[in-house]
Amino acid sequence: MKIEPRRQLSTAEERRETVLRTAIGAFAERGYFGTTTTAVAKAAGISQAYVYRLFPNKESLFVAVVERCFVRVRESLEGGAAAASGTSPEVVLSAMGDAYARLISDNDLLLVQIHAQAAAVSEPAVRDAVRAGYARLVEYVRGASGASETQIQEFFAVGMLCHLVSSIDAAAVDAPWTRTLTAGIRHY
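Conventions used here
- Residues numbered from 1 in each chain as written.
- Predicted model: local features only at pLDDT ≥ 70, side-chain atom pairs only at ≥ 80, totals over all residues.
- Heavy atoms only, no water.
- Core = buried A, V, L, I, M, F, W, Y, C linked by side-chain atoms within 4.5 Å.
- Buried < 20%, exposed > 50% of the residue type's maximum accessible area, 1.4 Å probe, protein only.
- Helix = DSSP H or I, 4+ residues; strand = E, 2+ residues; numbered from the N terminus.
- Contact = heavy atoms within 4.5 Å.
- Axes fitted to C-alpha atoms, helices over the stretch in contact; angles between N-to-C directions.
- Parallel < 35°, antiparallel > 145°, perpendicular 65-115°, else oblique.
- Nonpolar A, V, L, I, M, F, W, Y, C, P; charged D, E, K, R; others polar.
- Left-handed = near helix turned anticlockwise from the far one by under 90°.
- Expected span 1.5 Å × (residues − 1).
- Bend = angle between axes of the 7 residues up to and from the residue.
- Phe/Tyr/Trp six-rings, centres within 6.5 Å; stacked < 30°, edge-to-face > 60°.
- Salt bridge = Lys/Arg side-chain N within 4 Å of Asp/Glu carboxyl O.

**As for the nonpolar core**
In summary, soluble globular proteins display a tendency toward joint burial of nonpolar side chains. In this structure, L61, L77, M96 and V141 are the most contacted members of the largest nonpolar core, which totals 54 residues. Contributing elements (two or more residues each) for this core: α1 (12–34), α2 (37–44), α3 (48–54), α4 (58–83), α5 (89–103), α6 (107–120), α7 (124–145) and α8 (149–167). When residues in this core are grouped by element, the largest group, 11 residues, is from α4. Ignoring any residue separated from it by four or fewer positions in sequence, one finds L77 in contact with M96, Y100, L137, Y140, V141 and F155.

Next comes the structure, spelled out in structure tokens:
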């Protein structure tokens, strides 16, 4: 008699993690407004009803995805700060910027951030999540770098420029305007 291996059932937390990982890719591809919970469920290999057991609605799922992305950004900035070759604000900010440039080479994370900023315009819960995420990042960068307000503002401004340059693939266009926008921007 052949004994079948016992099927290991996933816990709700494991399924939640699977749905979040899957949802990052789905929301990156189609944005908040273009992604359905049905598509996320299908990609995760579960029913839409189970998605709703884990997340009460699409908005809460997207907010969880946005929060996950901010955690990943924070972790990359922490890694950059830890790897900095010195302690001056300029050196620490440069190391964090390099770590962030490496992180957003993961196109899904970059696209979720862009979609979240766009959805924040009309979706209050998304706006609150984006605000809270940036608030935590700004305070982390302030504490980790010791940089001035102007340096911190420039750090985040360059980060936003990185989003634009990456999303339009500006490096693929050889023109004066792209050379202006991409000068000094790191790509991986």
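The structure having been displayed, the exposition proceeds.
**Describing the packing of α4 against α7**
At a minimum axis distance of 9 Å, the contact between α4 and α7 shows a crossing angle of 10 degrees. Judged by the angle between their axes, α4 and α7 are roughly parallel. For the pair formed by α4 and α7, the contact residues are E59, F62, V63, V66, F70, V73, R74, L77, E78 and A81 on the first element and A125, V126, A129, V130, G133, Y134, R136, L137, Y140, V141 and A144 on the second. Residue composition of the contact of α4 with α7, by class: 16 nonpolar, 1 polar and 4 charged.

**Here's the deal with the packing of α1 against α6**
In the contact formed by α1 and α6, the axes pass within 8 Å of each other and the chain directions differ by 25 degrees. Comparing the axis directions of α1 and α6 gives the class roughly parallel. For the pair α1 and α6, the sense of crossing is left-handed. For the pair α1 and α6, the contacting residues are I24, G25, F27, A28, R30, G31, Y32 and F33 in the first and D108, L111, V112, H115 and A119 in the second. Here the residues of the contact of α1 with α6 sort into 8 nonpolar, 3 polar and 2 charged.

**Looking at α1**
Between its first and last C-alpha, α1 extends only 26 Å over 23 residues, short of the 33 Å set by a 1.5 Å rise per residue. Considering bend angle alone, the principal kink of α1 is centred on A28 and spans about 80 degrees.

**So, the packing of aromatic side chains**
Following the criterion strictly, the structure yields 6 aromatic pairs and no others. Ring centres of F27 and F62 lie 4.8 Å apart, and the angle between their planes is 70 degrees; on these two criteria the pair is classed as edge-to-face. Taken as a pair, F27 in helix α1 and F62 in helix α4 lie far apart in primary sequence, 35 residues in all. Relative accessible area serves as the criterion here: at 0%, F62 is assigned to the buried category.

**A closer look at the pattern of salt bridges**
Pairing of side chains with opposite charge becomes possible as their charged atoms draw close. If you walk through the whole model with that rule in mind, you get 7 salt bridges. Among the salt bridges present, the one from E17 reaches R68, with a minimum N-O distance of 3.0 Å. Taken as a pair, E17 in helix α1 and R68 in helix α4 lie far apart in primary sequence, 51 residues in all. Across the pair R142 and E139 runs a salt bridge, and its minimum N-O distance is 2.9 Å. A residue pair is termed a helical-turn pair when its members lie 3 or 4 positions apart in one helix, as R142 and E139 do in helix α7 at 3 residues. Taking relative accessible area as the criterion, R142 reaches 26% and is therefore assigned partly exposed. Judged by its relative accessible area of 46%, E139 is partly exposed. Through salt bridges with shared partners, one network takes in D98, R102 and R186.

From the geometry alone we can't say anything about function, so treat these as descriptive.
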